[in-house]
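An overview of the molecular structure
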Amino acid sequence: MYLRQGTFSYLPELSDAEIAAQVRYALLNNWPVSIEYTDDPHPRNAYWEMWGLPLFDLDEPDGVLAEIDACRKTFPRHYIRLLAYDARYGRQTTALSFLVQRPADEPGFLLTRNEGPDRRQIYGLHSYATNDRPGTRYGG
């Protein structure tokens, strides 16, 4: 089971050339990009750690790919995603988001179900990876 998050989540893993093509598309649309990482990919965990600052004023994807590679080397067992922002609406809006790295072993999620008032079913998700301390998840 793979984590399904971002634009290309149901496609096979993107190669570096395919990632570069997506970065080039974002840059041609004047969307600045940023790189984020986490070891807690819960669907409600929208705020991942940012790798450096957003990459403004780039014309070619080489600088973004170099930062992705540096993040991969620093966090080889984390989820890493690339985001592109569109500011045309006067606010920061995510125009593109996709994973560029995932851990080799993804333990998945536990679906919990509780009965609430009037026999309503209340569902929740628990990541098996969060049973371990941060920094030791995914084979750390």
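Preceding this section is the structure that the text describes.
Here's a quick rundown of the structure. (Residues numbered from 1 in each chain as written. Predicted model: local features only at pLDDT ≥ 70, side-chain atom pairs only at ≥ 80, totals over all residues. Heavy atoms only, no water.)

1. Re a nonpolar patch on the surface
- Where nonpolar side chains cluster on the molecular surface, the patch consists of L111, Y123 and L125 and spans about 320 Å² of accessible area.
- Take L125: it is sitting in strand β6 (residues 121–127). (Patch = residues over 30% accessible without salt bridge, like charges linked within 9 Å, V, L, I, M, F, W, Y side chains within 5 Å. Areas by Shrake-Rupley, 256 points an atom, 1.4 Å probe, with all protein chains shown as cover. Salt bridge = Lys/Arg side-chain N within 4 Å of Asp/Glu carboxyl O. Helix = DSSP H or I, 4+ residues; strand = E, 2+ residues; numbered from the N terminus.)

2. A closer look at the sheet that holds strand β2 (residues 49–55)
- If you trace the 4 strands from one edge of the open sheet to the other, you get β2-β1-β3-β4, paired in antiparallel fashion. Each edge of the open sheet carries a strand with a single partner, namely β2 and β4 (93–101). Neighbour-to-neighbour, the strand axes of this sheet turn through a mean angle of 20°, independent of strand direction.
- Relative to strand β3 (residues 79–86), strand β1 (residues 33–38) runs antiparallel, the two sharing 6 bridges. Residue V33 lies in a different strand from β3, and its bridge partner there is A84.
- Contacts from helix α1 (residues 16–28) reach β1, β3 and β4 within the one sheet, and its direction differs from that of β4 by about 165°. (Pairing = 2+ DSSP bridges. Axes fitted to C-alpha atoms, helices over the stretch in contact; angles between N-to-C directions. Contact = heavy atoms within 4.5 Å.)

3. A look at the packing of aromatic side chains
- One pass over the full model with this rule turns up 4 aromatic pairs.
- Note on Y37 and W51: the rings are 6.4 Å apart at their centroids and 75° apart in plane angle, and the pair reads as edge-to-face. Placement of the pair is Y37 in strand β1 and W51 in strand β2, with a sequence separation of 14 residues.
- Accessibility expressed as a relative area gives 14% for Y37, which makes it buried.
- Aromatic side chains Y37 and F75 sit 4.0 Å apart centroid to centroid with 20° between the ring planes, which places their arrangement in the stacked category. (Phe/Tyr/Trp six-rings, centres within 6.5 Å; stacked < 30°, edge-to-face > 60°. Buried < 20%, exposed > 50% of the residue type's maximum accessible area, 1.4 Å probe, protein only.)

4. Section: the pairing of β3
- Along β3, 8 of the 8 residues are buried, which leaves the element largely enclosed by surrounding structure.
- As judged from the 7 bridges shared by β3 and β4, these two strands associate in the antiparallel manner. Considered in β4, the bridge of R81 is made with L99.
- The hairpin formed by β3 and β4 contains 6 residues between the paired strands, and G90 there has a positive phi angle of roughly 85°.

5. Concerning unusual backbone geometry
- Backbone geometry at D57 places phi at a positive 60°, although glycine is not the residue there.
- Checked against the element boundaries, D57 lands in the loop between β2 and α2 (62–74).
- Of the residues examined, D57 reaches a relative accessible area of 79% and is grouped as exposed.
- Phi is positive for R119, which is not a glycine, with a value near 60°.
- Here R119 is to be found in the loop between β5 (109–115) and β6.

6. Considerations on α1
- In this model α1 runs 18 Å from its N-terminal to its C-terminal C-alpha over 13 residues, within 8% of the 18 Å that 1.5 Å per residue would give.
- Buried within α1 we find I19, A20, V23, A26 and L27. In a view along the axis of α1, the buried residues occupy a sector of 120°, so they form one face of it. Facing away from the buried side of α1, by more than 90 degrees, are the exposed residues A17 and L28. (Expected span 1.5 Å × (residues − 1). Arc of directions from axis to C-beta.)

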